[in-house]
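Structural characterization, general
Here's the letter readout for the chains.
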Amino acid sequence: MEWDEELDCEGLLCPLPVLRARKRLMAMAPGAVLRVRATDGMAAVDLPHFCAEAGHDFLEGRQEGGLGLYLIRRGG
């Protein structure tokens, strides 16, 4: 899947990946897709929860080795 912007959160621990994703998403247009790269295992739990609470669409989460890749569509 394609994305519009990428956010590198490798090496950051909870809650920083969520906080940085929230800040980046607020600067993006509704419907734009953000890809978050994170090494903190809690991002797999925290990002979908954040999306549900904030009205964004959590599109995908997958692991490539120790790296989590997450796609989020900014809500309206």
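Everything discussed here concerns the structure shown above.
The following paragraphs examine the structure supplied in this document. These figures come from a predicted structure and were not determined experimentally.

Right, let's talk about the nonpolar core for a bit. As a rule of thumb, soluble globular proteins bury nonpolar side chains together. Counting 17 residues, the largest nonpolar core has Leu34, Val36 and Leu47 as the members making the most contacts within it. Sorting the residues of this core by element identifies strand E1 (5-9), helix H1 (16-26), strand E2 (33-38), helix H2 (43-54) and strand E4 (67-73) as the ones contributing at least two each. Tallying contributions element by element places H2 first for this core, with four residues. In contact with valine 36, other than residues within four places in its own chain, are Leu7, Cys9, Ala21, Leu47, Gly68, Leu69, Tyr70 and Ile72.

On to unusual backbone geometry. With an omega of 10°, the peptide bond between cysteine 14 and proline 15 qualifies as cis. Turning to its location among the elements, proline 15 is positioned in the loop between E1 and H1.

Conventions we followed
- Residues numbered from 1 in each chain as written.
- Predicted model: local features only at pLDDT ≥ 70, side-chain atom pairs only at ≥ 80, totals over all residues.
- Heavy atoms only, no water.
- Core = buried A, V, L, I, M, F, W, Y, C linked by side-chain atoms within 4.5 Å.
- Buried < 20%, exposed > 50% of the residue type's maximum accessible area, 1.4 Å probe, protein only.
- Helix = DSSP H or I, 4+ residues; strand = E, 2+ residues; numbered from the N terminus.
- Contact = heavy atoms within 4.5 Å.

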